[in-house]
Amino acid sequence: DQQGRGTTGPLTIERDLDLHPISAAFRDAATNLGYMTHHDLNDGGPVGIGPIPFNSKQGIRVDPSIAYLWPALPRPNLTIFNSVRVVRVAIRDGRAVGVLVRNPGSPAPDVLIEADDVVLCAGTIGSPSLLLSSGIGPSGDLRRRGIDIHADLRAVGSHFWNHPTVDIPYLPSPAVTAPLNADYDASDRARSFMQMALHTAKSDGHGCDAEFMATRVPYGVATGLD
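Residues numbered from 1 in each chain as written. Predicted model: local features only at pLDDT ≥ 70, side-chain atom pairs only at ≥ 80, totals over all residues. Heavy atoms only, no water.

**Q** Would you mind showing me how to read the overall build of the protein chain here?
**A** Summing up its helical and strand segments, the protein chain has 5 helices and 13 strands in all. In the protein chain, which comprises 226 residues, the share counted as buried stands at 25%. Surface accessibility of the protein chain: about 16,200 Å² in total, with carbon and sulfur atoms responsible for 55%. (Helix = DSSP H or I, 4+ residues; strand = E, 2+ residues; numbered from the N terminus. Buried < 20%, exposed > 50% of the residue type's maximum accessible area, 1.4 Å probe, protein only. Areas by Shrake-Rupley, 256 points an atom, 1.4 Å probe, with all protein chains shown as cover.)

**Q** Explain the layout of surface pockets here, please?
**A** Sizing a probe to match a water molecule and rolling it over the atoms shows the empty space that remains. Put simply, the second largest pocket is a space of about 850 Å³. Counting residues per element, the ones that place at least two in the lining of the second largest pocket are strand E7 (85-92), strand E8 (95-102) and strand E9 (111-114). Ranked by residues supplied to the lining of the second largest pocket, first place goes to E8 with 3 residues. The class makeup of the residues in the lining of the second largest pocket is 17 nonpolar, 2 polar and 2 charged. (1 Å grid on protein atoms, 1.4 Å probe; cavity = no way out; pocket = protein on both sides within 12 Å on 5 of 7 lines; lining within 4 Å. Points joined across faces, edges and corners; volume = space filled by probe spheres on them. Nonpolar A, V, L, I, M, F, W, Y, C, P; charged D, E, K, R; others polar.)

**Q** How do you make sense of the sheet that holds E7 when you look at a structure like this?
**A** Within a sheet, each strand pairs with its neighbour through backbone hydrogen bonds, oriented either parallel or antiparallel. Here we have 3 strands laid out as an open sheet, ordered E7-E8-E9, and antiparallel in their pairing. In the strand order of this sheet, the two ends are held by E7 and E9, each with one partner. Taken over all neighbouring pairs, the strand axes of this sheet differ in orientation by 35° on average, direction set aside. As judged from the 4 bridges shared by E8 and E9, these two strands associate in the antiparallel manner. Counterpart to Val99 in the pairing with E9 is Ile113. (Pairing = 2+ DSSP bridges. Axes fitted to C-alpha atoms, helices over the stretch in contact; angles between N-to-C directions.)

**Q** What is the right way to read the pattern of salt bridges from this model?
**A** Pairing between side chains becomes possible if they bear opposite charge and their charged atoms approach one another. Scanning the entire structure with this criterion turns up 4 salt bridges. Its salt-bridge partner being Arg15, residue Asp40 comes within 3.0 Å of it at the nearest N-O pair. With Asp40 in the loop between strand E2 (36-37) and strand E3 (48-51) and Arg15 in strand E1 (residues 14-15), the pair connects residues that are 25 residues apart, well separated along the chain. Its salt-bridge partner being Asp110, residue Arg102 comes within 2.8 Å of it at the nearest N-O pair. For Arg102, a relative accessible area of 31% translates into the label partly exposed. Judged by its relative accessible area of 32%, Asp110 falls in the partly exposed class. (Salt bridge = Lys/Arg side-chain N within 4 Å of Asp/Glu carboxyl O.)

**Q** Mind showing me how you'd approach the nonpolar core here?
**A** When a protein is soluble and globular, its nonpolar side chains tend to lie buried together. Ranked by size, the top nonpolar core spans 8 residues in total: Leu19, Ala24, Phe26, Ala30, Ile49, Met196, Leu198 and Ala214. Counting only elements with at least two residues in this core, the list comes to helix H1 (21-32) and strand E12 (194-201). Ranked by residue count, the leading element in this core is H1, at 3 residues. Excluding its chain neighbours within four sequence positions, the residues that come into contact with Ala214 are Phe26, Phe193, Met194 and Met196. Counting residues in hydrophobic clusters, the runner-up holds 6 residues, among them Val89, Val99, Val101 and Val156. (Core = buried A, V, L, I, M, F, W, Y, C linked by side-chain atoms within 4.5 Å. Contact = heavy atoms within 4.5 Å.)

**Q** Before we go on, may I ask you to explain the environment of Ser129 in this structure?
**A** Mapped onto the elements, Ser129 comes out in helix H3 (residues 123-133). The exposure class assigned to Ser129 is partly exposed, which follows from its relative accessible area of 44%.

**Q** Help me understand H1 in this model?
**A** An α-helix turns once per 3.6 residues; consequently, residues spaced three or four apart project the same way. Between the first and last C-alpha of H1 there are 16 Å, a value that for 12 residues agrees with the 16 Å anticipated at 1.5 Å per step. Buried residues of H1: Ile22, Ser23, Ala24, Phe26 and Ala30, and no others. (Expected span 1.5 Å × (residues − 1).)

**Q** Looking at this structure, I do not really get H3. What am I missing?
**A** Every buried residue of H3 is listed here: Ser127, Pro128 and Leu130. Within H3, the buried residues cover an arc of 155° as seen down the axis, which keeps them to one side. (Arc of directions from axis to C-beta.)

**Q** Help me understand the pairing of E12, please; the structure alone is not making it clear to me.
**A** Two faces, one strand: in a regular strand the side chains alternate between the faces of the sheet. The element E12 is extensively covered by neighbouring structure, given that 7 of its 8 residues are classed as buried. Where E3 lies against E12, 3 bridges are found, and the strand directions are antiparallel. Within the sheet, the bridge partner assigned to Pro51 lies in E12 and is Met196.

**Q** Mind showing me how you'd approach the environment of Val111 here?
**A** Within the secondary structure, Val111 is located in strand E9. Looking at Val111, the relative accessible area reads 46%, which means it is partly exposed. A C-alpha to C-alpha distance of 5.3 Å links Val111 and Val101, two positions 10 residues apart in sequence. Aside from chain neighbours lying at most four places away, what touches Val111 is Val99, Leu100 and Val101.

As structure tokens, this is what we get:
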């Protein structure tokens, strides 16, 4: 319902607006401090507090394989290679012509899968790693590692980082009496354990400096991590 946003397609974006009292108290505290409220934290507007967008549908996280690959499984022109690792992109005369793959644990040599078009989607770390091993990246780095240079692109493998996180345990004040693990509303609809996010501005007023999110249970417990 706004510019730059679609309303159709297989990738569902939801916002949990049925706020748990913890989330509502977090929102009210932020607005009392003068922060603006936003419906869409991804619209590039001023910093403030708003509901967290999730790529989920009815409590199930919709990843690219669920959204795009699973519906295409019956297609006769689709072949999925399981348990193979892409070693590098095969390049001939300055053009990607396929990928070299290896079956982990197998003594067989690498196999070339040729293609008219190659789409690389190996993640934030895996994609630049594959490009570098394929000879695409800063020529100095490639030369020091004995990799044949196909394209001198200085930005490959640079200018990306993971964001640090700090968990701060808390106890809700007596005014917030609802159970912390109340994961369903009155209609038995799944309720997110983390509903609102507060974005604060950098000292120059531009961009997001930090993101605060109030979870009802420790993040590691909710996600199944340590």
